[in-house]
Amino acid sequence: MKIKPLADRVVIKMLEAEETTKGGIILAGAAKEKPQVAEIVAVGPGGVVDGKEVKMEVKVGQKVLISKYSGTEVKVDGEACTIVRQSDILAIVE
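The structure displayed is predicted, hence computed values, not measured ones.

## Thoughts on the environment of K4
In step 1: Summarising the element assignment, K4 is placed in the segment before β1 (9–14).
In step 2: On the accessibility criterion, K4 (71% relative accessible area) is exposed.
In step 3: Expressed as a C-alpha distance, the spacing of K4 and P45, which sit 41 residues apart in the sequence, is 9.4 Å.

## Some details on the pattern of salt bridges
In step 1: With the rule as written, the count across this model stands at two salt bridges.
In step 2: Between D8 and R85 there is a salt bridge; the shortest N-O distance is 2.7 Å. Taken together, the residues D8 in the segment before β1 and R85 in strand β7 (residues 79–85) connect sequence positions 77 residues apart.
In step 3: Accessibility expressed as a relative area gives 6% for D8, which makes it buried.
In step 4: Since its relative accessible area comes to 28%, R85 is described here as partly exposed.
In step 5: One salt bridge connects E79 with K13, and the closest N-O pair in it is separated by 3.0 Å. Here the residue E79 occupies a position in strand β7, and K13 occupies one in strand β1, the gap between them amounting to 66 residues.
In step 6: Exposure remark for K13: the relative accessible area of 37% places this residue in the partly exposed category.

## A short note on the environment of V54
In step 1: Note that V54 resides in strand β4 (residues 52–54).
In step 2: Sequence separation between V54 and Q86 is 32 residues; the distance between their C-alpha atoms is 9.2 Å.
In step 3: Beyond its immediate stretch of four places on either side in the chain, V54 contacts D8, G46, G47, V49 and Q86.

## Describing the confidence of the model for the chain
In step 1: When pLDDT is averaged along the chain, the result is 86, and 80% of the positions lie at 70 or above.
In step 2: Taken element by element, the chain is modelled with least confidence in strand β3 (residues 47–49), mean pLDDT 87, and with most confidence in strand β2 (residues 37–43), mean pLDDT 96.

Reading guide: rules and limits
Residues numbered from 1 in each chain as written. Predicted model: local features only at pLDDT ≥ 70, side-chain atom pairs only at ≥ 80, totals over all residues. Heavy atoms only, no water. Helix = DSSP H or I, 4+ residues; strand = E, 2+ residues; numbered from the N terminus. Buried < 20%, exposed > 50% of the residue type's maximum accessible area, 1.4 Å probe, protein only. Salt bridge = Lys/Arg side-chain N within 4 Å of Asp/Glu carboxyl O. Contact = heavy atoms within 4.5 Å. pLDDT = per-residue confidence, 0-100.

This is the structure we're talking about:
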């Protein structure tokens with residue numbers, strides 16, 4: 001199955017959080033923070049959202065920084081992904 005987002009929505013796949021700190025300390029599962037960096041899997045067409053014209057600024061394959069607890073988590077074919085609005089994306093990671 002393939003997801004095609006509507007309007008200004010973007011489908012992202014969260015990238016794994018680091019398991020060790022820069023100092024070499026291994027983190028337990030509960031100590032890991034929710035990852036904030038994700039890869040874009042699909043992008044909606046944009047258009048008029050809430051009476052305003054929205055132009056999509058992101059593309060499939062880009063890595064982005066998102067708000068910690070934004071979006072809706074879904075599972076498609078056993079794979080977890082998150083659907084967010086473009087406005088929930090804070091920055092593009094280059």
